[in-house]
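Per-entry structural report
What follows is the residue order along each chain.
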Amino acid sequence: IQLKCLQVSNQDLEERIPSYEELEKLENEEAGDRPKWDNKAQYMLTIVGFCVGLGNVWRFPYLCQSHGGGAFMIPFLILLVLEGVPLLHLEFAIGQRLRKGSVGVWSAIHPYLTGIGIGSMCVSFLVSLYYNTIMAWVMWYFFNSFQETLPWSQCPVNANMTGLVSECERSSPVDYYWYRETLNTTPDIDNTGGLQWWMVLCHVSAWALLFICISRGIETTGKAVYITSTLPYAVLTIFLIRGLTLKGSLNGVKFLFTPDMNELMNPTTWLDAGAQVFYSFSLAFGGLLSFSSYNSVHNNCEQDAVIISIVNGATAVYAATVIYTIIGFRATEKFDDCISGNILTLLNTFDLPEGNVTENNYDQVLHSLNGTYPEVIQGLNLKTCDLNSFLSEGVEGTGLAFIVFTEAITKMPVSPVWSVLFFIMLFCLGLSSMFGNIEGVLVPLQDLGVFPKSWPKEAIAGTTCVLCCLVGLIFVQGSGNYWLSLFDSYGGSIPLLIIAFCEMVGVVYLYGIDRFNDDIEFMIGHKPNLFWQITWRFVSPAIMFVIFVFYFITKVQETPMYKAWNPESENFPTLEEKEYPSWIFAIIFILAGIPGLSVPLTAIYKCLRNRCCKKDNEFKQDDLNTIAKQVHLTDEATKNKPDIPETADGR
Amino acid sequence: MVSKTLNAPNGYKVRISLKTALGEDAYEWNQSEMFFFQATMAFAMRRHFQMETYNVDNIILCVQTSRVSFWFVVTSPDNTTMLIPKADVEKAVRMSRHRINNAFLLSDRTLEFLGIYPTLAAPVNPDTPPWLIVFGVVIGAVCVGIIALLISSLLQKRRKEKGMTEDGQDEEDMQVKGVENGINLDGTYNRGFTDDDRFTKL
């Protein structure tokens, strides 16, 4: 299916994109001042760092465990191959071929498609805002790890020294530390709670650190990724070795991987797998396009796409294993504590000698005592200790990192060391993803000419960082946590699906799959084989469409709720489910609507401008040249040498 | 047998968990240990009231179980029928709690006086919270980094400008020659390698 009627006319397109000969010249003479990777390793590490992020550590293990453990691997791997790899290859190839950032690429393919680039930029911007706040939280915990007794290991004493703080006693030291001492969270999103000064400090330092790393574009990030992309693997390995030596770790791993084949019949499993593959590859952010455009023209993008996908998938599984060894340890400790507590209660009530009741004969003894003294047993309110319920507690998202994992760390010997290592790892994972997010914001801004051309890169990066830092102050208020989940659910989900779908359709049907195949043949030496053809044309867009439709329907049908930490609620310490106030819907529309609608809106805007101004299409194209690529080509050629015969191959 | 709660307004129940505290090194609780307990309590009473008349006979024990738990009451040394009120006993125990615990190699948790809650340790409040120190170090490093960055970019700029003004004359020629094939070349054009006679080969 070629849909020739939709295809862009060859002539217009060829005027907007560099031809093969130009690319060869760029390659051989190393002309143009577009930044370049120092070596292939930098490129690979940057992409791996962008893709491997916090989601691999705290989203994938949860999905794996809740959707039937080992069985979840099947939909995950199938969708990785059918959805992740083709989309990745597409982005790499088109970026490498057109050698521009996201706005540049899409406006080169067709001016009406500029909206895709703008949408990518908006999403990258929204995600950068809140993602760096998570970095601030990680830094806060990191700063507080340099103490002998970790502050979240015990409840603080109350004002008159008579007992522990009530909020802490009713929940747990880690919960209290996270919700009260870190976030100082308000009971609902309407109370802003004011700026929390300690969080503002961490927030500013997170942005300052990010600024240093991105100030000169890939010149600086290329060096930073040697550490930020490799350190997490080292730390994960250390944790794996430590974890396997702890008691109960294998319970966790078994729980994670025990397959439940019935989950495969459940459509949500497949949807979640698809969504996880999609978000985990950081597609449609524009960052991947940008990074690939700094490659040499004949770089083997096909190989890269396959390697990166394998690395990403393997890292997810590896991280899940490590996380679950530690979770298994924590669950076993809690289970042991629970049983010991019950045993102690029994011993004390019945004055039995120590050692009479152990873990092994607990059930027997309880049963016999229940037979003889049932009322007494009732009155004791013995807790039911279930290992599986401990294993499935709150193990996703920030809850995993800041509550469950920190609790596990307090139970390990030499806790501060493990805490420092863990938070350094989280920081590196997040920072390397932030590089990609910021790239997806900075390069389009430069392409759109928002900043004056005389400004150096550092100034542009600095201004963007300061702006994002100021806007990001929403997230360091008392209610910041709720705002963050709002942004995460609505800003970072639906628009991406729309943009990715438009990308695929745009490249395959508007740019032309034939032209794309030729491009790839030019770049890597052989045409993409049947697998790529089928996935690009039908399979991947179909999967994206299905996921989008289901996601959209589910989100639209459910009343948006959020979970609040309210010490006055009845079920405290369980989080209270609250409905969002009505003015939030305007915010949701801005978050999800603007990036998503930017595609059609920009197209309509450009169409109207075209029609009403009746200018030549060609003439307008000069506006859209990128800053990163030499603009002088057209100017010099027409200005200095109007009659050179050799320029037949150029413009 | 469910443990009894005695109607003893002036008595305290004591519970000892040897195996929890000492594990394998736990000693056996026998009558000699009970005697030791009486002696320790007498010492505590002496210490609190600063009266040298308290003796082991003043500490009466009863309802001993295999848990190990028992009740005790303290009689006044002057009049053995009169019991020392609960509050005074509590004060005495609190004052010497540390000594009593150590005598038996136990802790507040494993040598329990039911009704006398252990005093909570006063939290150690350092003058500067430790996190601020680490924060200071990190921010200091970041500031140094930013300054170094700005300085190096300024130097680079100045070097470029100097380079530009020095071969200002050559710029024109280089530009003209450089655009030969529609591509701009960076850097100085080395005329030694100009292919002047490309088209004049015979």
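All figures in this text were calculated on a predicted structure; none of them were measured in a lab.

**Points about a nonpolar patch on the surface**
Residues and elements named next belong to chain A. Together, Phe589, Ile590, Ile594, Leu597, Leu601, Ile604 and Leu608 make up a nonpolar patch on the protein surface, roughly 690 Å² of accessible area in all. Turning to its location among the elements, leucine 608 is positioned in helix H27 (residues 584–613). The class for leucine 608 is exposed, based on a relative accessible area of 55%.

**Notes on the pattern of salt bridges**
Scanning all chains against the criterion turns up 17 salt bridges over all chains. A salt bridge links aspartate 38 of chain A to lysine 223 of chain A, with the shortest nitrogen-to-oxygen separation between them at 3.2 Å. Of this pair, aspartate 38 of chain A sits in the loop between helix H2 (20–29) and helix H3 (40–51) while lysine 223 of chain A sits in helix H12 (residues 218–228), and the two are 185 residues apart along the sequence. In this structure, glutamate 112 of chain B engages arginine 15 of chain B in a salt bridge whose closest nitrogen and oxygen atoms are separated by 3.6 Å. Remark: arginine 15 of chain B occurs in strand E1 (residues 12–16) and glutamate 112 of chain B occurs in strand E4 (residues 111–114); sequence separation between them is 97 residues. The exposure class assigned to arginine 15 of chain B is buried, which follows from its relative accessible area of 9%.

**Focus: the UniProt feature "binding site: Na(+) 2" (unreviewed entry) in chain A**
Residues and elements named next belong to chain A. Those residues carrying the UniProt feature "binding site: Na(+) 2" (unreviewed entry) are Gly49 in this numbering. Looking at the element boundaries, glycine 49 is found in helix H3. Since its relative accessible area comes to 4%, glycine 49 is described here as buried.

**Here's the deal with the UniProt feature "transmembrane region" (unreviewed entry) in chain B**
Sequence positions flagged by UniProt for "transmembrane region" (unreviewed entry) are, in local numbering, residues 131–155 of chain B. Annotated as 100% helix and 0% strand, the span residues 131–155 of chain B places its first and last C-alpha atoms 36 Å apart.

**Section: the state of the cysteines**
All names here are of chain A. Evaluated as defined, the whole model comprises two disulfides over all chains. Between the sulfur of cysteine 155 and that of cysteine 168 lies a disulfide, 1.8 Å long from S to S. Its S-S torsion of about -85° marks the bond between cysteine 155 and cysteine 168 as left-handed, since a negative value means left-handed. Taken as a pair, cysteine 155 in the loop between helix H8 (114–143) and helix H9 (166–170) and cysteine 168 in helix H9 lie far apart in primary sequence, 13 residues in all. In this model cysteine 338 forms its disulfide with cysteine 385; the gap between the sulfur atoms is 1.9 Å. The S-S bond linking cysteine 338 to cysteine 385 shows a torsion near -80°; that makes this disulfide left-handed. You can see cysteine 338 sitting in helix H17 (residues 301–350) and its partner cysteine 385 sitting in the loop between helix H19 (374–380) and helix H20 (387–391), a full 47 residues away along the chain. Under the relative-accessibility criterion, cysteine 338 is labelled buried at 7%.

Each value, and the rule that gives it
- Residues numbered from 1 in each chain as written.
- Chains lettered and ligands numbered in written order.
- Predicted model: local features only at pLDDT ≥ 70, side-chain atom pairs only at ≥ 80, totals over all residues.
- Heavy atoms only, no water.
- Patch = residues over 30% accessible without salt bridge, like charges linked within 9 Å, V, L, I, M, F, W, Y side chains within 5 Å.
- Areas by Shrake-Rupley, 256 points an atom, 1.4 Å probe, with all protein chains shown as cover.
- Salt bridge = Lys/Arg side-chain N within 4 Å of Asp/Glu carboxyl O.
- Helix = DSSP H or I, 4+ residues; strand = E, 2+ residues; numbered from the N terminus.
- Buried < 20%, exposed > 50% of the residue type's maximum accessible area, 1.4 Å probe, protein only.
- UniProt positions renumbered as here; feature names shortened; annotations may be inferred.
- Disulfide = S-S within 2.5 Å.

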